[in-house]
Amino acid sequence: MALPVPIRTAHNPRNGPQRRYRAGHMSRRTTRAATSTTLPASTASTAGLAERRGARPAAREPARRTVGRLVGRRARLRWVHLVLGGALLMPFQLAALSAISTTGIVGEAPGALIAAQFLALACALPFVAMVGLVPLVRTLEGNAVRVLGAPRGEVLTAPATSGAARRRASVWFTLHALLGGVVGGISLAMPPAGVLFVILSLFPDRADTVGRLGTAESGPVAGVFLGVALVFLPIPVSAAFGAWLARLAPVLLGPTPADRLALAEQRAERLAERARIARDLHDSVGHALSAVGIQASAAGRLLDRDPAFAARALAAIEETARDAVAELDHVLGLLREESRPTTAPASSPANLSDLVARTRAAGADITLDLDLGLDLGICLDLGPGDSKDVTDARDARDARDGLPRVVSREAYRIVQEGLGNVLRHAGAVPIRLRVAVADGELTIVITNPIPVRGAAARRAGGGGGRGLRGIAERTSVLGGSFSAGPQDGWWHLTARIPLEGPT
């Protein structure tokens, strides 16, 4: 393309004035010079580098990729991995070879040494496969192939527990040892043999001195070519075997269907535990903050007119905050998976009196109807030693109320969240709370009048609905039912939990 440039003379300090270029024509060299004079130095160098990179022939890229597959870092690590497999095979191979040599099975015929090596390998592989059935083999081999083999998929490092996983690990261990032995033997034998071929091809008169291999009958060129091929033979063999093992690793060391099912169950258990902890945090801390907020507001308004009430409110705030901190510390201990987490505050319908007292201190008038169908006086007299015998039983019952432990705990949380919702959305209003056991199920009913601002807040979705959703999840896990909604100007929350549900 013609570029309009002024007529000028390019001057070289070494060669003097050079040819003059007419306007309308510039060579590639002059174009680069003009670009370098008009652009900043960094931009010009970048442009020149990009031009040089672009000028590289595209045909070199496949060659570079091939060379990388053969001698790149990944290929070298896979060669180390294969050589380690050969080292694992060596004790079995030597033991079998010693037994064969002692019995004299192969005799002294020509080629007996090679035959003994192959026979020893055939005898050693079954013992290698037996060792591969050990559960810890998958741990060792999985870690090795992750670091050195660059597997193309998921590889487990946990010990093999099922029969299918142990059999797969055994197949992998046998293949690793066999292919590693082949690569190790080729790496040790072929390069020296190739060098010897090259020497004998170039110096045939040294054949008797160096060995009995002889020179290549077709001439020195073919001998040199064969020698060079033997020297580099371990490279493609190692690359091929390493790539094959990398593809087989996810199949033989990856998760079996039983492993996938176990992993899915563990993941589901962890998610369920996290959801339960999240619900507990929401219920306990949310209720505490709601009660503290209302109590602090009431204490602030009545501090001058009724100091006694303000003092009681501040005492209630202190007690509520202390319980919330203890609950939070317990939950954090569970999240950290501490060996001895702190003891959680009592969570049982038998302890609802403390929860009701704190809620009343916030200004709410609560009518409590507690009918567990038990002699609570006897239950409350039981100490820690009396309930110790049933702690680990699957259907263990809470010593304070006689209910299954999980039902007792979840019932307390449901009541706690229900009262917290009333304080958050309706404020200090009359509350009716009924907790009763009848016909094999625990029934919890909480009702309160809906003030105008409370109804508006509920219609606006205040609080995000996490509390009601958490109550629904608790009852659903225990096989119960839950309902909540307005009726005749009152908000009704009802939860029914079967006593014979999961424990």
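Residues numbered from 1 in each chain as written. Predicted model: local features only at pLDDT ≥ 70, side-chain atom pairs only at ≥ 80, totals over all residues. Heavy atoms only, no water.

Caption draft 1: Quick look at the overall build of the chain. The number of helices and strands found in the chain is 17 helices and seven strands. Taking all 503 residues of the chain together, 34% fall into the buried category. For the chain, restricting intrachain contacts to residue pairs at least 6 apart in sequence, the fraction spanning at least 24 positions comes to 66%. In the form shown here, the chain has an accessible surface area of approximately 29400 Å², with 61% of it arising from carbon and sulfur atoms. (Helix = DSSP H or I, 4+ residues; strand = E, 2+ residues; numbered from the N terminus. Buried < 20%, exposed > 50% of the residue type's maximum accessible area, 1.4 Å probe, protein only. Contact = heavy atoms within 4.5 Å. Areas by Shrake-Rupley, 256 points an atom, 1.4 Å probe, with all protein chains shown as cover.)

Caption draft 2: Representation of the sheet that holds strand β6 (residues 481-487) in the model. Strands sit in the order β3-β4-β5-β7-β6 across an open sheet of five strands; the sheet is mixed. Every other strand in the sheet has two partners, leaving β3 (366-371) and β6 as the edge strands with one partner each. Pairwise comparison of adjacent strand axes, ignoring direction, gives a mean angle of 10 degrees for this sheet. Bridging between β6 and strand β7 (residues 490-498) involves seven bridges; their strand directions are antiparallel. The partner of Gly-485 across the bridge, within β7, is His-492. In the packing of helix α15 (residues 405-425) onto the sheet, the strands contacted are β3, β4 (431-438), β5 (441-449) and β7, and the crossing angle to β5 comes to about 5 degrees. (Pairing = 2+ DSSP bridges. Axes fitted to C-alpha atoms, helices over the stretch in contact; angles between N-to-C directions.)

Caption draft 3: Structural view of unusual backbone geometry. One non-glycine residue, Ala-150, lies in the positive phi region at around 50 degrees. Tracing the chain through its elements places Ala-150 in the loop between α6 (136-149) and α7 (163-202). Judged by relative accessible area, which is 25%, Ala-150 ranks as partly exposed. The residue Asp-439 is not glycine, and still its phi comes out positive at about 55 degrees.

Caption draft 4: Fine view of the packing of helix α3 (residues 60-71) against helix α10 (residues 234-252). Close contact between α3 and α10 brings their axes to 8 Å; oriented N to C, the two are set at 85 degrees. By the angle between their axes, α3 is roughly perpendicular relative to α10. Taking contact as the criterion, the partners of Arg-69, Leu-70 and Val-71 in α3 are, on α10, Ile-235, Pro-236 and Ala-239. Split into classes, the residues belonging to the contact of α3 with α10 amount to five nonpolar, no polar and one charged. (Parallel < 35°, antiparallel > 145°, perpendicular 65-115°, else oblique. Nonpolar A, V, L, I, M, F, W, Y, C, P; charged D, E, K, R; others polar.)

Caption draft 5: Representation of the pattern of salt bridges. Taken as a whole and assessed by the stated rule, the structure comprises six salt bridges. Between Arg-64 and Glu-61 there is a salt bridge whose closest N-O contact spans 3.0 Å. Of this pair, Arg-64 and Glu-61 both sit in helix α3, three residues apart, which is roughly one turn of the helix. Overall, Glu-61 belongs to the partly exposed group, its relative accessible area being 29%. Linking Asp-369 and Arg-434 is a salt bridge whose minimum nitrogen-to-oxygen distance equals 2.4 Å. Here Arg-434 lies in strand β4 and Asp-369 lies in strand β3, a separation of 65 residues in the sequence. Each member of the salt-bridge network shares a partner with another, and the members are Arg-409, Glu-410 and Arg-474. (Salt bridge = Lys/Arg side-chain N within 4 Å of Asp/Glu carboxyl O.)

These figures capture arrangement, not role.
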